[in-house]
Amino acid sequence: MYSYCIIPDNPENFLSFLSQLPMKAEDKELIKYCKITKVEVHTTLSTWDIFITVPKELSKNMLIVAEEKFCTDCGLKKVNFIQ
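We now turn to the structure provided with this report. The shown structure was predicted, so the numbers you read here are calculated from the model rather than taken from an experiment.

About the cut-offs
Residues numbered from 1 in each chain as written. Predicted model: local features only at pLDDT ≥ 70, side-chain atom pairs only at ≥ 80, totals over all residues. Heavy atoms only, no water. Helix = DSSP H or I, 4+ residues; strand = E, 2+ residues; numbered from the N terminus. Buried < 20%, exposed > 50% of the residue type's maximum accessible area, 1.4 Å probe, protein only. Core = buried A, V, L, I, M, F, W, Y, C linked by side-chain atoms within 4.5 Å. Contact = heavy atoms within 4.5 Å. Salt bridge = Lys/Arg side-chain N within 4 Å of Asp/Glu carboxyl O.

### Some details on the overall build of the chain
Right, so step 1: Along the chain, the regular secondary structure elements total three helices and four strands.
Right, so step 2: Put simply, the chain runs from its N terminus to its C terminus through helices and strands in the order β-α-α-β-β-α-β.
Right, so step 3: The C-alpha extent of the chain, read off along each of the three principal axes, is 40 × 25 × 20 Å.
Right, so step 4: The buried share of the chain, reckoned over its 83 residues, is 36%.

### So, the nonpolar core
Right, so step 1: Leu18, Ile50, Ile52, Leu58, Met62, Val79 and Phe81 are the most contacted members of the largest nonpolar core, which totals 22 residues.
Right, so step 2: Looking at this core, the elements that each hand over two or more residues are helix H1 (12-19), helix H2 (25-31), strand S2 (35-42), strand S3 (47-53), helix H3 (60-74) and strand S4 (78-82).
Right, so step 3: Broken down by element, this core gets its largest block of residues, five residues, from H3.
Right, so step 4: Setting aside residues no more than four positions away along its own chain, Leu18 makes contact with Met23, Ile31, Met62 and Ala66.

### A word on the pattern of salt bridges
Right, so step 1: This model, assessed by the stated rule, comprises five salt bridges.
Right, so step 2: We note a salt bridge from Lys56 to Glu26, for which the minimum N-O separation is 2.4 Å. On the criterion of sequence distance, the pair formed by Lys56 in the loop between S3 and H3 and Glu26 in helix H2 is long-range, its members being 30 residues apart.
Right, so step 3: Between Glu40 and Lys38 there is a salt bridge; the shortest N-O distance is 3.2 Å.

Read these as spatial facts, not as claims about activity.
Below, the structure is given as C-alpha coordinates:
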(Lines give C-alpha, C1' and ligand atoms only; values in the text may rest on other atoms or scores of the structure.)
Protein backbone atom coordinates (compact mmCIF):
# COMPACT_ATOMS: atom_id res chain seq x y z
CA MET A 1 0.00 0.00 0.00
CA TYR A 2 1.27 3.44 -0.90
CA SER A 3 0.67 6.22 1.57
CA TYR A 4 1.81 9.79 1.96
CA CYS A 5 1.60 12.30 4.75
CA ILE A 6 0.90 15.91 3.82
CA ILE A 7 1.42 18.67 6.35
CA PRO A 8 -0.34 21.76 5.01
CA ASP A 9 1.38 25.10 5.49
CA ASN A 10 -1.61 27.13 4.29
CA PRO A 11 -4.95 25.43 5.08
CA GLU A 12 -7.16 28.40 4.15
CA ASN A 13 -8.39 26.75 0.92
CA PHE A 14 -9.49 23.72 2.87
CA LEU A 15 -11.23 25.82 5.48
CA SER A 16 -13.01 27.91 2.84
CA PHE A 17 -14.16 24.64 1.22
CA LEU A 18 -15.67 23.52 4.52
CA SER A 19 -17.30 26.87 5.24
CA GLN A 20 -19.29 26.58 1.98
CA LEU A 21 -20.99 23.36 3.07
CA PRO A 22 -24.43 23.40 4.67
CA MET A 23 -23.92 23.23 8.42
CA LYS A 24 -25.15 24.49 11.74
CA ALA A 25 -24.08 27.97 12.81
CA GLU A 26 -22.11 26.44 15.69
CA ASP A 27 -20.04 24.28 13.32
CA LYS A 28 -19.53 27.23 10.96
CA GLU A 29 -18.10 29.23 13.88
CA LEU A 30 -15.82 26.35 14.96
CA ILE A 31 -14.44 26.02 11.42
CA LYS A 32 -12.84 29.43 11.86
CA TYR A 33 -10.61 27.94 14.58
CA CYS A 34 -9.97 24.62 12.86
CA LYS A 35 -6.34 23.66 12.28
CA ILE A 36 -5.35 20.87 9.94
CA THR A 37 -2.32 19.14 11.39
CA LYS A 38 -1.79 16.57 8.63
CA VAL A 39 -3.47 14.55 5.89
CA GLU A 40 -2.55 10.92 5.36
CA VAL A 41 -3.22 9.89 1.77
CA HIS A 42 -3.64 6.17 1.08
CA THR A 43 -3.41 5.81 -2.68
CA THR A 44 -4.18 2.10 -2.92
CA LEU A 45 -7.33 2.42 -0.82
CA SER A 46 -8.29 5.84 -2.26
CA THR A 47 -8.77 7.23 1.25
CA TRP A 48 -7.66 10.27 3.20
CA ASP A 49 -7.27 10.61 6.96
CA ILE A 50 -7.56 14.30 7.82
CA PHE A 51 -6.27 15.22 11.26
CA ILE A 52 -7.81 18.42 12.61
CA THR A 53 -7.60 20.33 15.84
CA VAL A 54 -10.67 22.27 16.92
CA PRO A 55 -11.61 23.86 20.26
CA LYS A 56 -14.75 21.68 20.38
CA GLU A 57 -15.59 18.64 18.26
CA LEU A 58 -17.42 19.27 15.01
CA SER A 59 -20.80 17.59 14.68
CA LYS A 60 -20.97 14.15 13.14
CA ASN A 61 -23.51 15.36 10.54
CA MET A 62 -21.19 18.13 9.37
CA LEU A 63 -18.31 15.68 9.00
CA ILE A 64 -20.50 13.30 6.99
CA VAL A 65 -21.44 16.11 4.58
CA ALA A 66 -17.75 17.10 4.27
CA GLU A 67 -16.74 13.48 3.65
CA GLU A 68 -19.34 13.08 0.90
CA LYS A 69 -18.17 16.28 -0.78
CA PHE A 70 -14.49 15.22 -0.66
CA CYS A 71 -15.31 11.77 -2.02
CA THR A 72 -17.34 13.22 -4.88
CA ASP A 73 -14.94 16.04 -5.80
CA CYS A 74 -11.69 14.09 -5.33
CA GLY A 75 -12.73 10.61 -6.45
CA LEU A 76 -12.13 9.08 -3.03
CA LYS A 77 -13.75 6.02 -1.47
CA LYS A 78 -13.51 7.28 2.11
CA VAL A 79 -12.42 10.30 4.12
CA ASN A 80 -11.86 10.04 7.86
CA PHE A 81 -11.71 13.10 10.08
CA ILE A 82 -9.68 12.62 13.22
CA GLN A 83 -10.39 15.31 15.80
